[in-house]
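Okay, here's what each chain looks like letter by letter:
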Amino acid sequence: MPHRAFSHELVDRLARAQHVAALTGAGISAESGIPTFRDPGGLWEQFKPEELANVQAFLRNPKLVQAWYTHRRNVALEKAPNPGHKALVELEGLVPDFLLITQNVDHLHQRAGSKRMAELHGNITRSYCIDCGKTATEQEMTPIASGGVAQCSACGGYIRPDVVWFGEMLPEGVMEWAGEAAQRAEVFLSIGTSAVVYPAAGLPLLAKEGGAYVAEINIEASAIAGYVDEVVLGKAGEVLPALVQAVREKRA
Ligand SMILES: [Zn+2]
């Protein structure tokens, strides 16, 4: 049954575990104030994310899509990692084999200090040339600020954000990496994710099949709540610091 406190069992298992994986989603970002970009009143209100976050929209109007991502990047940079992000950095330091798997593109985990990460949907702070694949430099991105279009200095191709758009495959190898970590995990944490977007949604179940103790930490029970070992209802920024502190005391 969902409850508001984590169990002793979860603490004990995390304290003993050699292999742990954690999956994070939009919930942990929302706690830092990252908007869903469906917020009314903004400059971008007239657009739906799915209308801009796809390759057809980009090819039709690269300038528009580049400007939207520059806006999103700037919004993300104004926000700060929260105690949930920081607790995951600490957990990485406590567990010998820890992988953080994230669906978020906002770079908050990295800014908090997480190192070993599988970015399932890319990262909004990086961009690359859609034609030759070269990573974009700050210099190449500068025209966007003055209403221009960012193009590759090597081949002239348009520069796109390094994120997975609707209808695109995940970056090569990253899902396999995440899947292996889930299967090997003794404890798997599913944090702030509605667990409905595949293939990420399959990871907690893959972990469960592999013998992991699976705990969901979310403000509401998700679609997988009935399949996991434990559901902790609450904010990542409140549950995780307390959980990691209990684990640290037990490991010491
Ligand atoms: Zn190029």
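Residues numbered from 1 in each chain as written. Predicted model: local features only at pLDDT ≥ 70, side-chain atom pairs only at ≥ 80, totals over all residues. Heavy atoms only, no water.

Notes on helix α1 (residues 8–16)
As a reminder, the rule being used: Only protein chains enter the accessibility calculation, which uses a 1.4 Å probe. A residue is then buried if its area is under 20% of the maximum for its type, exposed if over 50%, and partly exposed in between. Helix and strand labels come from DSSP, where a helix needs a run of H or I of at least four residues and a strand needs a run of E of at least two; each type is numbered from the N terminus. In this description, one arc is meant: the one made by directions from the helix axis to the C-beta atoms. Residues are treated as being in contact if the distance between any of their heavy atoms lies within 4.5 Å.
Three or more residues of α1 are buried, namely Leu10, Val11, Leu14 and Ala15. What you see down the axis of α1 is that its buried residues fit within an arc of 130°, all on one side. In α1, the exposed residues that point more than 90 degrees away from the buried face are His8 and Arg16. Buried residues belonging to α1 abut β1 (19–24), β6 (187–191), β7 (213–218), β8 (230–233) and α11 (236–251).

A short note on the coordination of the zinc ion
Six octahedral donors at a metal ideally form angles of 90 or 180 degrees, and four tetrahedral donors ideally form angles of 109.5 degrees. Operational definition: Each metal's donors are the N, O and S atoms within 2.8 Å of it, or within 3.2 Å when it is Na, K or Ca, and because water is not part of the set, sites may look incomplete. In short, tetrahedral needs four donors with all angles between 85 and 135 degrees, square planar needs four and octahedral six donors with opposite donors over 155 degrees apart and all other angles between 65 and 115, and whatever is left is irregular.
Coordination of the zinc ion by the protein involves Cys129 (SG), Cys132 (SG), Cys152 (SG) and Cys155 (SG), with metal-donor separations of 2.3 to 2.4 Å. Here the zinc ion is ringed by four donor atoms whose angles at the metal span 96 to 119°, and the overall shape comes out tetrahedral. Between consecutive donor residues of the zinc ion, the sequence gaps follow C-x2-C-x19-C-x2-C. Among the residues examined, Cys155 registers a relative accessible area of 41% and is labelled partly exposed.

As for α11
Stated precisely, the cut-off is as follows: One fewer than the residue count of a helix, multiplied by 1.5 Å, yields its expected span.
End to end, α11 covers 21 Å across 16 residues, agreeing with the expected 22 Å (1.5 Å per residue, within 8%). Those residues of α11 not exposed but buried are Ala236, Gly237, Val239, Leu240, Leu243, Val244 and Val247. Buried residues of α11, viewed axially, fall in a sector of 160°; they line one side. Facing away from the buried side of α11 by over 90 degrees, the exposed positions are Glu238 and Glu249. Elements that come into contact with the buried residues of α11 comprise α1, α2 (26–30), α6 (83–94), β6, β7 and β8.

Considerations on unusual backbone geometry
Positive phi, close to 75°, is recorded for His107, a residue that is not glycine. You can call His107 partly exposed: its relative accessible area is 24%.

A few points about the packing of aromatic side chains
Here is the rule: Stacked, tilted and edge-to-face are the three classes assigned to paired rings of Phe, Tyr and Trp, where Trp is represented by its six-membered ring and a pair needs centres within 6.5 Å; plane angles under 30 degrees give stacked, over 60 edge-to-face, the rest tilted. Throughout this description, the term charge over a ring refers to an Arg CZ or Lys NZ atom that lies within 6 Å of the ring centre and within 35 degrees of the ring normal.
Summed over all chains, the structure comprises three aromatic pairs. With 5.4 Å between their ring centres and 45° between their planes, Phe58 and Trp165 make a pair best called tilted. Here Trp165 lies in the loop between β5 (159–163) and α9 (174–184) and Phe58 lies in helix α4 (residues 55–60), a separation of 107 residues in the sequence. A relative accessible area of 0% places Phe58 in the buried class. Every member of this aromatic cluster is reached through a ring pair, and the members are Phe58, Trp68, Tyr69 and Trp165. It is Arg72 that lies over the ring of Trp68; its NZ or CZ is 4.8 Å from the centre. Looking at Arg160, its charged tip hangs above the ring of Trp165, at a distance of 3.9 Å from the centre.

Considerations on the pairing of strand β2 (residues 97–102)
The condition is simple: At least two DSSP bridges between two strands are needed for those strands to be called paired.
Taken across its six residues, β2 has six buried, putting it largely inside the fold. Side chains Asp97, Leu99 and Ile101 project from β2 onto one buried face, and the interleaved Phe98, Leu100 and Thr102 project onto a second face that is buried too. Of the pairings in the sheet, the one linking β1 to β2 comprises six bridges and is parallel in character. In the strand pairing of β2, Leu23 is matched with Ile101. Where β2 lies against strand β3 (residues 117–119), three bridges are found, and the strand directions are parallel. Bridge pairing in β3 links Thr102 to Glu119.

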